[in-house]
Amino acid sequence: MSRPLPKAGRYALRVVSLAIALGVWQLLTSLDIDLWLRFSQFPTVTDVASAFADRLSGPDYWTDLTDSLTRILTGFLLAAVLGVATGVLIARSRLAEDLLGPVLEVVRPIPAIALVPVAILLFPSNEQGIVFITFTAAFFPVLVSTRHAVRALTPVWEEAVLTMGGGRWRILASVVLPGALPGIFGGLSVGIGVSWICVISAEMISGQYGVGYRTWQDYTVVDYAGVFVGMVTIGVLGWLTSTAVELLGRRLTRWLPRTSYVSGRTPRRARDTSAAVPVSPRTKEGIPHDQLV
């Protein structure tokens, strides 16, 4: 078994992998490699870095960043609250499942970006329509994950609370929500990623300002370096928000057992306790002394 790398070594390995990817990108684009993929049409890493530096020094970049983050956080927080509440309600109530389930299952397969015309007709401003698209994108992953997580809970825990005199709200606070947290945060992690995809697409179609809007504007004026600035910005923002959701999930589920290893240490082998239990010559299985025949 190979010895695990220390923490500093793992970070160094990640930096090296990123540097190699950037080096390959720079090599292919600077040499105008055209085999099957046309890398000659791509800007080089230095071109993108130069465009990025120019954007950082101007006010428009930060305005776009603020607008996109505001839309994402507003829509995602609404989806998190309503998605968890609806998922728990459907999982715990047959009446709610019969009333809400059919409507939600019909709407769920519709891509959130396909609701852009509905948002334009329904809401008085483009800003509210984009938040609605972001909300819809995150709502269904959170709803489905919460519903499955609640239904997967063992009934023994609920029966234990009932035995000790607890009511429905006590069961919800002590059993349902804590037990479903891992599944809920799985849905939140998926939802934040889908939200970024849809908010960028919505900004391209009907937005005013925002990272997606600026990326599309750069494409229309054939500023490919600016397009890649937008793509890198979207990727970094998506990574940061997803990491924040994951860290929050780990923080709130610290009581769960983790299958992780300590960096730099070799896992200990389990102590062999087979000698402590006598073995029957007939079955070759460990049995207690008082049950030997």
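Quantities reported herein were computed from a predicted structural model and do not represent experimental measurements.

1. Description of the side chain of T136
Following the sequence through the fold, T136 ends up in helix 6 (residues 126–151). Judged by relative accessible area, T136 falls into the buried class, the value being 9%. Separated by 2.8 Å, the side chain of T136 and the backbone oxygen of F132 make a polar contact. The residues contacting T136, other than those within four sequence positions of it, are A112 and L115.

2. A closer look at the environment of A180
By the secondary structure assignment, A180 is in helix 8 (residues 168–206). Under the relative-accessibility criterion, A180 is labelled buried at 1%. C-alpha separation for the pair A180 and R147, spaced 33 residues apart in sequence, amounts to 8.8 Å.

3. Some details on the confidence of the model for the chain
Of all residues in the chain, 87% have pLDDT values of 70 or greater, and the mean over the chain is 83. Predicted confidence is poor over residues 261–293, with pLDDT under 50, and the contacts of this stretch with residues over four places away or in other chains come to 25 contacts.

4. Quick notes on the layout of surface pockets
Counted as a void, the largest pocket has a volume near 450 Å³. Every residue lining the largest pocket is counted, 14 residues in all, and those nearest its centre are L18, L22, V232, V236 and W239. At six residues, the largest contribution of residues to the lining of the largest pocket is made by helix 1 (residues 7–30). Looking at the lining of the largest pocket residue by residue, the class counts come to 12 nonpolar, one polar and one charged. Its boundaries defined by the atoms lining it, the second largest pocket holds a volume of some 370 Å³. If you go around the second largest pocket, you meet 13 residues; those closest to its centre are V88, R92, R168, W169 and L172.

5. Observations concerning helix 8
In a regular helix each residue adds 1.5 Å, so 39 residues correspond to 57 Å; helix 8 covers only 45 Å between its end C-alpha atoms and thus falls short of that length. If you look at helix 8, its biggest bend is around 55°, right at L181, and the proline P182 turns up within four residues after that.

6. Here's the deal with the environment of L56
Following the sequence through the fold, L56 ends up in helix 2 (residues 45–56). Look past the residues within four positions of L56 in its chain and what remains in contact with it is Y61 and W62.

7. A few points about the side chain of T241
Secondary-structure assignment places T241 in helix 10 (residues 224–252). Judged by relative accessible area, which is 14%, T241 ranks as buried. A polar contact of 2.9 Å, which involves the side chain of T241, links it to the backbone oxygen of L237. Each residue touching T241, except ones within four places of it in the same chain, is listed here: I192 and W196.

8. Comments concerning the packing of helix 8 against helix 9 (residues 211–220)
Helix 9 packs onto helix 8 with a crossing angle of 55° between their chain directions and a minimal axis gap of 7 Å. As judged from the angle between their axes, helix 8 and helix 9 are oblique. The element helix 8 and its partner helix 9 pack so that their crossing is right-handed. Between helix 8 and helix 9, the residues in contact are I200, E203 and M204 and V211, G212, Y213, T215 and W216, respectively. Counted by class, the contact of helix 8 with helix 9 contains five nonpolar, two polar and one charged residues.

9. Focus on the pattern of salt bridges
Here the structure, examined in full by the defined rule, presents nine salt bridges. A salt bridge links R151 to E97; the shortest N-O distance between them is 3.0 Å. Linking R151 in helix 6 with E97 in helix 4 (residues 94–107), this pair joins segments that are 54 residues apart in sequence. With its nearest N and O atoms 2.9 Å apart, the salt bridge here joins R108 to E105. We classify R108 as partly exposed; its relative accessible area is 36%. Because the salt bridges share partners, they merge into one network encompassing R55, D218 and D223.

How each quantity is defined
- Residues numbered from 1 in each chain as written.
- Predicted model: local features only at pLDDT ≥ 70, side-chain atom pairs only at ≥ 80, totals over all residues.
- Heavy atoms only, no water.
- Helix = DSSP H or I, 4+ residues; strand = E, 2+ residues; numbered from the N terminus.
- Buried < 20%, exposed > 50% of the residue type's maximum accessible area, 1.4 Å probe, protein only.
- Polar contact = N/O pair within 3.5 Å; in protein donor to acceptor, adjacent residues only side chain to side chain.
- Contact = heavy atoms within 4.5 Å.
- pLDDT = per-residue confidence, 0-100.
- 1 Å grid on protein atoms, 1.4 Å probe; cavity = no way out; pocket = protein on both sides within 12 Å on 5 of 7 lines; lining within 4 Å.
- Points joined across faces, edges and corners; volume = space filled by probe spheres on them.
- Nonpolar A, V, L, I, M, F, W, Y, C, P; charged D, E, K, R; others polar.
- Expected span 1.5 Å × (residues − 1).
- Bend = angle between axes of the 7 residues up to and from the residue.
- Axes fitted to C-alpha atoms, helices over the stretch in contact; angles between N-to-C directions.
- Parallel < 35°, antiparallel > 145°, perpendicular 65-115°, else oblique.
- Left-handed = near helix turned anticlockwise from the far one by under 90°.
- Salt bridge = Lys/Arg side-chain N within 4 Å of Asp/Glu carboxyl O.

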